[in-house]
Each structure stands twice: as structure tokens, then as C-alpha cells.
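# Examining the three-dimensional arrangement
Here are the chains, one letter per residue:
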Amino acid sequence: MATKGTILVTGGTGYIGSHTTVELIQAGYKVVSLDNLSNSSINVLEGIEAITGIRPTFYEVDCNDEQAIEAVFAKHPDIQGVIHFAASKAVGESVQKPLLYYRNNLLSLIVLLEAMQRHGTKGIVFSSSCTVYGQPEILPVTEDAPIQVALSPYGNTKQINEEILRDAVYAGASYKVIRLRYFNPIGAHPSALIGELPLGAPQNLIPYLTQTAAGIRQELSVFGDDYNTPDGSCIRDYISVVDLAKAHVLAVERILDEAKGSEALETFNIGTGRGVSVLELIRTFEAATGVKVPYKIVGRREGDIVQVWANPERANKVLGWQAQESLADTLRSAWAWQVRLGEREK
Ligand code: WQD
């Protein structure tokens with residue numbers, strides 16, 4: 001079957017990487033998937049194949065390994081674009097192990113960009129984060145908002161990565177760059193065949209919430225209800241991982257299709273444009289699934305910002321992307337995935 005081209009996806013067995021691989025395949029692309037499996041399972045490939053009927057070409061590779069990366073590009077000269085997800089991403093861990101985060105997250109990008117330059121790859125879509133904004137002064141936040149001093153080494157690696165990409169383009173790199181700043185990705189594929197697989201106790205809200213709803217965790221701790229928000233709990237822009245994956249397909253198409261006239265360096269907020277508080281999210285989950293979530297209010301978590309949500313107008317207009325799924329449907333998909341995980345463990 002003729003394909004639209006070949007895309008290299010790093011971190012391809014991860015949460016967002018796996019969902020993006022599904023959307024790329026279903027949009028007609030061939031996918032070469034890399035992952036070092038440090039924070040994901042190779043079994044994810046079964047889920048991707050079950051959904052799409054196609055098992056992507058996969059290599060267990062660490063993106064810091066220059067020889068291995070060169071070998072992949074040499075073996076697949078048809079790679080036209082790269083989507084770079086592979087990175088260490090635990091905010092708390094990054095405070096404990098900053099050098100591991102700087103080495104892994106910065107070196108892997110540099111190794112990739114140098115390989116792309118050698119092989120004439122058309123462009124890269126980079127997985128960035130709204131964390132670069134810190135606590136914005138003005139909400140909803142636009143791409144032109146000031147970048148604030150990072151609150152963690154993880155957040156700082158995202159900022160430095162963005163600067164590396166910017167400086168490479170300004171120095172005349174042969175490839176184009178699109179930086180996608182995600183807000184809070186949640187949920188799972190509607191098939192419940194792939195989803196978020198946190199190793200150990202989840203740091204993020206939704207996996208902890210669904211594990212509590214499933215009785216795996218005793219109760220959810222809500223980190224503070226004394227913030228300056230309507231109900232006192234923090235506000236975030238929760239976006240369906242499937243909607244987020246679709247944004248990557250549009251970004252790849254924007255790079256590969258000259259007629260779209262993309263700039264050498266573009267940046268987009270990928271969010272719903274709607275802020276939801278932790279307490280509102282719990283209530284929405286319970287209403288959507290009929291499942292109670294026992295929770296208690298505890299102290300604030302170090303480093304949390306109070307509220308952030310996107311102004312996604314540039315992505316809507318320029319990328320032609322819009323979040324589609326309702327929060328209730330996204331939370332139902334997260335629950336269906338949690339139930340499936342429970343069944344798999346039996
Ligand atoms: C969301 C809200 C918590 C857990 C981080 C990274 C971001 C991205 C997504 C990687 C906050 C509250 C959480 C819990 C809670 N990561 N919470 N109880 O911190 O907004 O973003 O993860 O790309 O870059 O910064 O996400 O899910 O941890 O927290 O009350 O058990 O839920 O205080 O208000 P966050 P989160």
C-alpha cells in the first residue's frame with residue numbers, strides 16, 4: 001500500500017507516542033518507532049497492531065546513542081519527518097536527578113538533529129509543554145506569552161530544547177521545526193487497547209484518580225483547596241490524548257507539504273482552551289462513569305502553579321486543529337482503560 005511517507009517516532013511505545021503512532025498509521029504514514037523501554041512496555045506494539053492492523057517497525061534504541069541513531073537513519077532513507085517524544089518527564093525526579101535529565105533530554109535532541117541534518121530530513125515536531133510558561137500573568141495563555149524561569153530541571157530541559165531548536169533553525173538548519181506545547185494530556189484510545197501505563201505510584205492526577213476509583217489506591221489526595229480559584233483547587237487544561245495525537249499528524253503534514261507554506265520555526269499551544277479545577281474534574285469523572293472517587297484535601301504540592309489554560313487560536317487557524325472530545329468522554333476513556341488494565345492483571 002502506497003504510504004504518504006515515513007515518520008520516525010521516538011518514544012514510540014510511550015503514552016503520547018503510541019497514540020500518535022496509531023493516528024499516523026491511520027492517516028496513511030509508515031512509522032519507524034524507537035524507544036529505550038525505560039518507561040514503557042514493548043507490548044504496546046500489540047495494541048497498536050490490534051487497532052490499526054499494522055505493527056510499526058520498532059527498534060529498542062536510546063536516542064543518546066549516536067551510532068544506533070545513525071544506523072536507523074541509514075537503514076531508512078525514506079524517513080521524511082521526526083516526531084520526538086523520547087525524554088525523561090517526571091517533574092519530581094528531575095529535582096532529585098538534574099544531571100540525568102539534562103544529559104538525557106538535551107543530548108538526545110542534539111543527536112537527532114545532527115542525524116537529520118546529515119540525512120536531509122524535512123522536519124521535526126517537538127514535544128514541548130505548557131510548563132515553559134510557568135504561572136502566566138494573563139490567561140488564556142498565548143504562544144507569545146513570556147517564558148518564565150523553570151520551576152524544575154524537567155521544565156528547564158523543555159525550555160532549553162526549544163532554544164536549541166530555535167538556534168539550529170536560525171543557523172540555517174536544512175529541516176523545519178514545529179514545537180507543540182501540550183497542556184495536560186489525559187484519557188486513552190476509545191478501543192481501550194492502549195492508554196497511559198504509569199510505572200509505580202502515578203504522579204499525574206488522572207492515573208491516580210482512576211486507580212483510586214478502581215480500588216487500587218485507597219483515596220486520592222487533592223493537593224490544596226486554598227488557592228485563589230473559584231473552588232480553591234488548581235485549574236488545568238485537560239486535553240484528550242487522541243486529540244493531541246491528531247495535532248501531531250497535522251503538524252507533520254504541515255512540514256511535508258510545501259504548499260502549506262509553513263515557516264522554518266513554528267510553535268503551537270495544543271489545549272482545549274478551557275480550564276478545569278481538580279474538584280470539578282473529580283465531579284465530572286463521577287458523573288460520567290457513575291463511579292465514586294474517595295478523596296481528601298491535603299497540603300499544596302511543591303512547585304504547582306495555580307492555574308493555566310490555553311488560547312488555542314493559532315493551532316485552530318494555522319494548523320487546522322481543534323480539540324474534539326468532551327471532557328466526560330475523555331474521562332470515560334480513561335476509566336475504560338483502567339478497567340481493561342484490571343482485567344489484564346487477572
Ligand atoms: C494536575 C493537577 C495537582 C495528582 C505535569 C507536568 C507537565 C506534564 C503533565 C509531562 C495539579 C493535582 C495531581 C494528585 C492532585 N508532564 N493533583 N493529586 O502538574 O499540571 O503537569 O504533568 O509532560 O509538564 O508539569 O499535572 O497531573 O501532576 O497535576 O491534586 O494525586 O492535579 O496539584 O493541580 P501538572 P498533574
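This is a predicted model, so every value here is computed, not measured.

Further remarks concern the packing of helix α7 (residues 205-213) against helix α9 (residues 278-289). Where α7 meets α9, the axes come as close as 12 Å, and the angle between the chain directions of the two elements is 45°. The orientation of α7 relative to α9 falls into the category oblique. Like other packed secondary-structure pairs, α7 and α9 cross with a definite hand, here right-handed. Where α7 approaches α9, its residues L205, I206, L209, T210 and A213 are matched on the opposing element by V278, L281, I282 and F285. Considered class by class, the residues forming the contact of α7 with α9 number eight nonpolar, one polar and no charged.

Moving on, we come to the side chain of H84. As for its placement among the helices and strands, H84 is situated in strand β4 (residues 79-84). Among the polar contacts made by the side chain of H84, one reaches the side chain of T10 at a distance of 2.6 Å. H84 has contacts with T10, C63, S108, L109, L112, I124, V125, F126 and S127, leaving out every residue within four places of it along the chain.

Let us now look at the site of the ligand. Not every one of the 18 residues close to the ligand is listed here, only the nearest: Y154, L205, S221, R236 and D304. In this structure, an oxygen atom belonging to the ligand sits 3.0 Å away from a side-chain N or O atom of N184. At 2.6 Å from an oxygen atom of the ligand is found a side-chain nitrogen or oxygen belonging to D304. Calculation on the ligand without its partners gives an accessible area of 690 Å², and the protein chains cover 89% of this total. Considering each element in turn, the shell around the ligand owes the most residues, four residues, to strand β8 (residues 220-223).

Here T52 shows up in helix α2 (residues 44-52). Since its relative accessible area comes to 18%, T52 is described here as buried. For T52, the side chain forms a polar contact with the main-chain oxygen of I54, separated by 2.9 Å. Leaving out residues up to four positions away in the same chain, T52 has contacts with V22, I25 and Q26.

Cut-offs used in this document
Residues numbered from 1 in each chain as written. Predicted model: local features only at pLDDT ≥ 70, side-chain atom pairs only at ≥ 80, totals over all residues. Heavy atoms only, no water. Axes fitted to C-alpha atoms, helices over the stretch in contact; angles between N-to-C directions. Helix = DSSP H or I, 4+ residues; strand = E, 2+ residues; numbered from the N terminus. Parallel < 35°, antiparallel > 145°, perpendicular 65-115°, else oblique. Left-handed = near helix turned anticlockwise from the far one by under 90°. Contact = heavy atoms within 4.5 Å. Nonpolar A, V, L, I, M, F, W, Y, C, P; charged D, E, K, R; others polar. Polar contact = N/O pair within 3.5 Å; in protein donor to acceptor, adjacent residues only side chain to side chain. Near = heavy atom within 4 Å. Areas by Shrake-Rupley, 256 points an atom, 1.4 Å probe, with all protein chains shown as cover. Buried < 20%, exposed > 50% of the residue type's maximum accessible area, 1.4 Å probe, protein only.

By themselves, these are just geometric observations and shouldn't be taken as functional.
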